[in-house]
Amino acid sequence: MARKTLQENLLDTELIYSYAKTNNLTDLEVFVNGPNVANIQTIGDRCFSEGLYHAAKTLFTNINNNSKLALCHIHLDEYREAVAAATKANNVSTWKHVCFACLRSEEFRLAATCGLEVIKYPDHVDEVVSYYSDLGYFDQLVSLFEQGLGLEDAHIGIFTELGILYTKHVPTKVMEHCKVFFSKLNVSKVVRACERARLFPPAVYLYMADKQFDNAVKVMMERSPAFDNDLFLDSIVKVRNAEIMYKAVNFYLTTHPLLFSRLMEVMEEHVDHSRVVSQLSRTGDWALQVGQDYMKSVQKSNLSPINEALNQ
């Protein structure tokens, strides 16, 4: 052989390729593990592109190219070995390739092992969610992010995305998640997800916890399942836009008249009583009857609209 007298890169490289092409893997392994001047990376890439994955696996193992080795294992359906190679490579691109390959083959536990490494990176969270969702593996996706809460470097994106996933797939867990992890959520994203899913009580909770009392009150007035009298009374006196208080007057008159007196007790120091009485008068005699206790309690202010209404 020419190699016995010459030791050149081209000769060694082509000899390796011939071993690979003829599937002579034993001689290939012996050769690459011995002294040679072949460009192992180049011939490994060539074998990989031609689908000679067993040969490529031997070559990439020889030069410790674990990223490419993981891809070889994927093509050979060697998923455990692919995960092991990805662990050594330890870069997000390789983790992602192996995760998605395992997922396609329904190797869910192995996919989760890799997926946890991918969702550590906020920029890759959406891609993981999309891939699992496109395949319809919603339970596995939720489980992945639940496991992600325990990561040492779990970031706001993991807590937020799990909240969003709960609104779509496990609505019974939304409120608890919001209460336990409120400080770690992107509130605006989760509250929008709650509203899209018509989960209004958690939306109210998030608005109140985030001190967005105007929005909390609006949701409770516009969405009857969200209404909670105690929460409403707590929020109404903290709104920034005073006009919302007068909308609350009409809301209680028409929707919760039996609770109207309690509402006005809470808002007594915050509203223009003449304006409230005017609202009652415009609404009708029945509204004036509903407002009797309120008007009597503020009669001490000696405002003519109140006195006139009481004397009708």
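The coordinates are above.
Residues numbered from 1 in each chain as written. Predicted model: local features only at pLDDT ≥ 70, side-chain atom pairs only at ≥ 80, totals over all residues. Heavy atoms only, no water.

## Remarks on the nonpolar core
The test is simple: Working definition of a nonpolar core: buried Ala, Val, Leu, Ile, Met, Phe, Trp, Tyr and Cys residues. They are joined through side-chain atoms within 4.5 Å. Summary of the burial criterion: residues with accessible area below 20% of their type's maximum are buried, those above 50% are exposed, and those between are partly exposed, where the area comes from a 1.4 Å probe applied to protein chains only. Should any heavy atoms of two residues lie within 4.5 Å, those residues are considered in contact.
Residues F145, F232 and I236 are the most contacted members of the largest nonpolar core, which totals 107 residues. The contacts of F232, once residues within four sequence positions are left out, are V217, M220, M221, F227, A248, F251, Y252 and L263.

## Here we look at the environment of A20
Convention followed: Helix and strand assignments follow DSSP, with helices taken as H or I runs no shorter than four residues and strands as E runs no shorter than two, numbered in order from the N terminus.
You can see A20 is positioned in helix 1 (residues 9-21). Separated by 32 residues in the primary sequence, A20 and L52 place their C-alpha atoms 7.0 Å from one another. Among all residues touching A20, those that are not within four sequence positions of it are C47, L52 and A55.

## Re unusual backbone geometry
Its identity as a non-glycine residue notwithstanding, E106 has a phi of 60°, on the positive side. Position of E106 among the secondary structure elements: in the loop between helix 7 (92-104) and helix 8 (108-118). The backbone phi angle of R198 is positive, close to 60°, even though this residue is not glycine. Considering the arrangement of structural elements, one finds R198 in the loop between helix 13 (187-196) and helix 14 (200-209). The exposed category is assigned to R198, whose relative accessible area is 56%.

## Overview of helix 15 (residues 213-222)
Most of helix 15 sits out of view: 7 of its 10 residues are buried. Listing the buried residues of helix 15 in full gives F213, D214, A216, V217, V219, M220 and M221. In this structure, the buried side of helix 15 is in contact with helix 13, helix 14, helix 16 (229-236) and helix 17 (243-255).

## A closer look at helix 17
Applicable threshold: Multiplying 1.5 Å by the helix residue count minus one yields the expected span of that helix.
Here helix 17 contains 13 residues, and its C-alpha end-to-end distance of 18 Å stays within 8% of the 18 Å for a straight helix at 1.5 Å per residue. Residues of helix 17 that are buried include every one of I244, M245, Y246, A248, V249, F251, Y252 and L253, and no others. Against the buried residues of helix 17 lie helix 15, helix 16, helix 18 (260-267), helix 19 (273-283) and helix 20 (285-290).

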